[in-house]
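Structural overview for review
What follows is the residue order along each chain.
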Amino acid sequence: MLLRKTVLVVSLAAAALLASAGTASAAPAPVAPASSSATTTTAAAANPVIVVGGLSGVAVAYEPIAARLRADGYRTYIYQLPGLGLGDIPASARAFAGYVEQVRASTGATSVDLVAHSEGGLVSRYYLKRLGGTATVGRYVSLGTPQYGTYVANIVAFLGLGSCAGIVACQQMTIGSAFLADLNAGDDTPGSVRYTTIRTVQDELVRPTGNAIVNDGATNVLVQAYCPLRVVGHLGLVLDGTAYTIVRGALVDGPVRPNCLAV
């Protein structure tokens, strides 16, 4: 089991290195909503939504959840982490801060909402907590983010493959890292932002899965607490229909009412 997880981490890193050479870190422009329903009209008037990718997450991997958001009427952007998220997380957060300003300028919106997967949730939280992002974000939704680290990152070093095979972001996502100690010092949920975390018991890369929650008033949702038969992996959180119904509810400040049969 340990070896399988290690191979997965190293494979993701290798894929990232191969893809980063030909892929830009900026997100594509949003696609205008196609529907004119009342729900779509309401969503179009809401904050723009930025989908923030994770480690080795090319922008196209987030098109499924972006398409769902667009179908519900949201002005949706995808942000691919610089260098596919292999580098320093605070540096990625500073780049992300500039991107948020671009979205605000292009849309005229005062605030944006964030839907962040995996490492993207840490980049977004650093932006909120250390770079003044609480002034420009209304809602933060994380999907499978190792908020308090993951022992999968520790395993790489344990097996003698070096410190996360030299990947800085992996080192920073190790349980007990200096980066996480700083990020999680004090209030987990600063500002007036509404914080929601979504996690799954089948997450292969965030172990223990309880490390995907944040404290201090956040809404922390375990998919299987509501839908015990639902099987959702780490990447599956951005593909799964049930997970999306939780995201959609969070974006309208609604109660947690997942649709366990959603596709």
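Quick look at the structure, then. Keep in mind that what you see is a predicted model, and the values were worked out from it rather than measured. (Residues numbered from 1 in each chain as written. Predicted model: local features only at pLDDT ≥ 70, side-chain atom pairs only at ≥ 80, totals over all residues. Heavy atoms only, no water.)

**Some thoughts on the pairing of strand S3 (residues 112-117)**
The test is simple: The cut-offs for exposure are 20% and 50% of the maximum accessible area for each residue type, with area from a 1.4 Å probe on protein chains only; residues under the lower value are buried, those over the upper are exposed, and the others partly exposed. A helix here means a DSSP run of H or I that spans at least four residues, while a strand means a run of E at least two residues long, and both kinds are numbered starting from the N terminus. Two strands qualify as a pair provided that DSSP identifies no fewer than 2 bridges between them. Crossovers are marked right-handed if the path from the first strand over the helix to the second runs clockwise, as seen with the strands pointing away from the viewer.
By the criterion of burial, S3 is predominantly enclosed, with six of the six residues buried. Judged by which residues are buried, S3 turns out to be covered on both faces: Val112, Leu114 and Ala116 on one side and Asp113, Val115 and His117 on the other are all buried. Examined bridge by bridge, strand S1 (residues 49-52) and S3 share four bridges and lie parallel to one another. Directly across from Val52, in S3, lies its bridge partner Ala116. Following the backbone out of S3, through helix H5 (residues 119-130) and into the adjacent parallel strand S4 (residues 137-143), one traces a crossover that is right-handed.

**Focus: the pattern of salt bridges**
So the rule is basically this: Salt bridges are defined by distance alone: a side-chain nitrogen of Lys or Arg within 4 Å of a carboxyl oxygen of Asp or Glu.
A complete count under the given rule lists nine salt bridges for this structure. A salt bridge links Arg139 to Asp253, with the shortest nitrogen-to-oxygen separation between them at 2.9 Å. Here Asp253 lies in the segment after helix H10 (241-251) and Arg139 lies in strand S4, a separation of 114 residues in the sequence. Classification of Arg139 as buried rests on a relative accessible area of 17%. A residue is classified by how much of its surface remains accessible, and Asp253, at 32% relative accessible area, is partly exposed.

**Describing unusual backbone geometry**
Leave glycine aside and you will find that most residues have negative phi; peptide bonds, for their part, are mostly trans. Between Arg207 and Pro208 the backbone carries a cis peptide bond, its omega angle lying at -5°. Relative to the helices and strands, Pro208 resides in the loop between strand S5 (194-199) and strand S6 (219-222). One non-glycine residue, Ser56, adopts positive backbone phi at about 65°. Along the chain, the position of Ser56 falls in the loop between S1 and helix H3 (63-71). Look at Asp216: it is not a glycine, yet its phi comes out positive at around 65°. Inspection of the secondary structure puts Asp216 in the loop between S5 and S6. Residue classification places Asp216 among the partly exposed positions, given a relative accessible area of 46%.

**Observations regarding the packing of aromatic side chains**
Let me state the cut-off plainly: Ring pairs are drawn from Phe, Tyr and Trp, using the six-membered ring of Trp, whenever the two centres fall within 6.5 Å, and their geometry is named by plane angle: stacked under 30 degrees, edge-to-face over 60, tilted for the rest.
Within this structure, the stated rule accounts for five aromatic pairs. An angle of 25° between the planes, with centres 6.1 Å apart, marks the rings of Tyr126 and Phe179 as stacked. One end of the pair, Tyr126, is in helix H5; the other, Phe179, is in helix H8 (residues 178-183), with 53 residues separating them in the sequence. Given the relative accessible area of 9%, Phe179 is considered buried. Every member of this aromatic cluster is reached through a ring pair, and the members are Tyr79, Phe96, Tyr99 and Tyr127.

**Description of the nonpolar core**
We apply this condition: By nonpolar core we mean a set of buried residues, namely Ala, Val, Leu, Ile, Met, Phe, Trp, Tyr and Cys, connected to one another through side-chain atoms within 4.5 Å. When checking whether two residues touch, look at their non-hydrogen atoms; a contact exists if any pair is within 4.5 Å.
Counting 37 residues, the largest nonpolar core has Ile50 and Phe96 as the members making the most contacts within it. The set of elements that each furnish at least two residues to this core consists of S1, strand S2 (76-79), helix H4 (89-107), S3, H5, S4, helix H7 (168-172) and H8. Here this core gets seven residues from one element, more than from any other, and that element is H4. Beyond its immediate stretch of four places on either side in the chain, Phe96 contacts Ile50, Val52, Tyr79, Leu114, Val123, Ser124 and Tyr127. Core analysis: the second largest hydrophobic core is formed by 25 residues, Ala66, Val221, Val223 and Val238 among them.

**Observations concerning the state of the cysteines**
Stated formally: Criterion for a disulfide: a pair of cysteine sulfur atoms at a distance within 2.5 Å.
Scanning all chains against the criterion turns up two disulfides. The side chain of Cys227 participates in a disulfide bridge whose partner is Cys260; the two sulfur atoms lie 1.9 Å from each other. Torsion about the S-S bond of the Cys227 and Cys260 cystine: about -80°, corresponding to left-handed handedness. Taken together, the residues Cys227 in the loop between helix H9 (223-226) and H10 and Cys260 in the segment after H10 connect sequence positions 33 residues apart. Residue classification places Cys227 among the buried positions, given a relative accessible area of 3%. The exposure class assigned to Cys260 is partly exposed, which follows from its relative accessible area of 29%. Bonded cysteines in the protein chain are paired 1-2, 3-4 when counted in the order they occur along the chain.

**Some words on the environment of Val214**
In this fold, Val214 is placed in the loop between S5 and S6. Looking at Val214, the relative accessible area reads 1%, which means it is buried. A C-alpha to C-alpha distance of 9.9 Å links Val214 and Ser142, two positions 72 residues apart in sequence. When sequence neighbours within four positions are dropped, the list of residues in contact with Val214 reads Arg125, Gln147, Asp188, Thr189, Thr197 and Asn220.

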